[in-house]
Amino acid sequence: MRAPGEVVDNAYGTSLITPRVESLVIRRHARIGDEVQAGAQLVTLSSVEVANAQADLRIAEEEWRRVSALGREAVSGRRIKEAKVALDRARATARAYGLSGSADGRSNGEFTLDAPHAGRLTEDDFVVGQRIEPGKTLFRLVDESTVWVDAKLPSESASHVKAGTPAVIISGGRRIAGTVMRNAHRTSEATRNATVRVEVPNPDDRLHSGDYVDVYFETTSSANVASQTATRLAVPTSALVQIDGETVVFRRDAKDNALLPVPVRTGEVIGDHTVIKEGLNAGDVVVVAGVFTVKSQMLKAQLGEGHGH
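Residues numbered from 1 in each chain as written. Predicted model: local features only at pLDDT ≥ 70, side-chain atom pairs only at ≥ 80, totals over all residues. Heavy atoms only, no water.

Some remarks on helix α2 (residues 77–96)
With 20 residues, α2 should reach 28 Å at 1.5 Å per residue; the first-to-last C-alpha distance of 29 Å fits that figure. Among the residues making up α2, those that are buried are Ile-80, Ala-83, Leu-87, Ala-90 and Ala-94. Axial view of α2: buried residues confined to an arc of 95°, hence all on one face. Opposite the packed face of α2, turned more than 90 degrees from it, sit the exposed residues Arg-78, Lys-81 and Arg-89. Buried residues in α2 make contact with α1 (48–70). The positive-phi residue at the C-terminal boundary of α2 is Gly-98, with phi of around 90°. (Helix = DSSP H or I, 4+ residues; strand = E, 2+ residues; numbered from the N terminus. Expected span 1.5 Å × (residues − 1). Buried < 20%, exposed > 50% of the residue type's maximum accessible area, 1.4 Å probe, protein only. Arc of directions from axis to C-beta. Contact = heavy atoms within 4.5 Å.)

Laid out in structure tokens, this is it:
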């Protein structure tokens, strides 16, 4: 079965680079489109809250080293415990702000956001000097070595596509093997289509989010048996056109040979044909070439700008 598909980012390999505290952008170390490795510096920020956290951590570490060196003979157990709790609290605050959890000798409030994994920066939405709210996305980091393709199928056809089965993606005339991640669990109320997600390796970076591709599925054996034993009406996909939100074909009237737009309910696409569930009968004569010309002439006739033929 063939279905239209759209490439989307692999969400499991995507990270949003955001600050956890209100900050000011000091320096950028990377730009949109850059490929970066895990741990690469992306942007340096400055924050009053981070400066306070750095200072508190430095003081807590120094106090902990002091009481630890004196030992229980010179310092009470309670004082040692209080110092340890203060250090743990300062470290937890620092980690909550995205710091390392150990003082580096600085208390100037500057900190750097690093890449959590390798990938490409596909979004970059800030300028140096800008004040940034917590949670605002500065970079979108995507591992493009694997992408997802969301294919749209009629719900009854999608039920025949099982997770783990192979699929083939056609992009720019090239065939790329993929694997069905999951079959559809929800049908669109508007289109009555369901989405089947395919995982596709992308080592040569040919596929990018937003690309449109064709997807070919292998159906289950039960579906194959049904297709062999049941006769289904179909027309070349080139015969279908959209008018006023409906899928129609142009059928020749048997009485006066006029071409009439007939709404149809379609099923799955098999090869270069589309199954017709309602709207046509076997033996009907329909337009399969020049469909858009016929549509244009019909619309002109309706507007009084010409005559339908």
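Additional details are given in the paragraphs that follow.
Let's talk about the sheet that holds strand β6 (residues 110–114)
Taken in spatial order, the four strands of this open sheet run β6-β5-β3-β8, and their pairing is antiparallel. What marks the edges here is a single partner per strand, and that holds for β6 and β8 (131–132). Sheet analysis places strand β5 (residues 41–46) next to β6, joined by five bridges and oriented antiparallel. The residue bridging Val-43 from the neighbouring strand is Leu-113, located in β6. (Pairing = 2+ DSSP bridges.)

What to know about unusual backbone geometry
Most peptide bonds take the trans configuration, and most residues that are not glycine carry a negative phi. The residue Asp-244 is not glycine, and still its phi comes out positive at about 55°. Mapped onto the elements of the fold, Asp-244 is located in the loop between β16 (241–243) and β17 (246–252). Owing to a relative accessible area of 79%, Asp-244 belongs among the exposed residues under this scheme. Here the phi dihedral of Asn-257 falls at roughly 65°; this positive angle occurs in a residue that is not glycine. Note on placement: Asn-257 falls in the loop between β17 and β18 (259–263). For Asn-257, a relative accessible area of 47% corresponds to the partly exposed category.

Looking at the packing of aromatic side chains
By the definition in use, this model includes two aromatic pairs. Where Tyr-12 meets Trp-148, the ring centres are 5.0 Å apart and the plane angle is 85°; that geometry is what we call edge-to-face. Linking Tyr-12 in the loop between β1 (2–8) and β2 (14–17) with Trp-148 in strand β10 (residues 146–154), this pair joins segments that are 136 residues apart in sequence. Relative to Phe-139, the ring of Phe-126 has its centre 5.2 Å away and its plane inclined at 85°; by these criteria the two rings are edge-to-face. Of the two residues, Phe-126 sits in the loop between β7 (119–124) and β8 while Phe-139 sits in strand β9 (residues 139–142), which places them 13 residues apart along the sequence. Take Phe-126 and Phe-139: they sit in the same class, and that class is buried. (Phe/Tyr/Trp six-rings, centres within 6.5 Å; stacked < 30°, edge-to-face > 60°.)

What about the pattern of salt bridges?
Any two side chains of opposite charge can pair, so long as their charged atoms come close to each other. Across all of its chains, the model carries 18 salt bridges by this definition. For Arg-140, the salt bridge is made with Asp-9, and the minimal N-O distance between the two is 3.3 Å. Of the two residues, Arg-140 sits in strand β9 while Asp-9 sits in the loop between β1 and β2, which places them 131 residues apart along the sequence. Accessibility expressed as a relative area gives 17% for Asp-9, which makes it buried. We note a salt bridge from Arg-58 to Glu-62, for which the minimum N-O separation is 3.7 Å. Residue Arg-58 and its partner Glu-62 are located together in helix α1, separated by four residues, close to a single helical turn. In this structure Arg-58 comes out as partly exposed when scored by relative accessible area, which is 36%. Overlapping salt bridges bring together Glu-63, Arg-66, Arg-78, Arg-79 and Glu-82 as one network. (Salt bridge = Lys/Arg side-chain N within 4 Å of Asp/Glu carboxyl O.)

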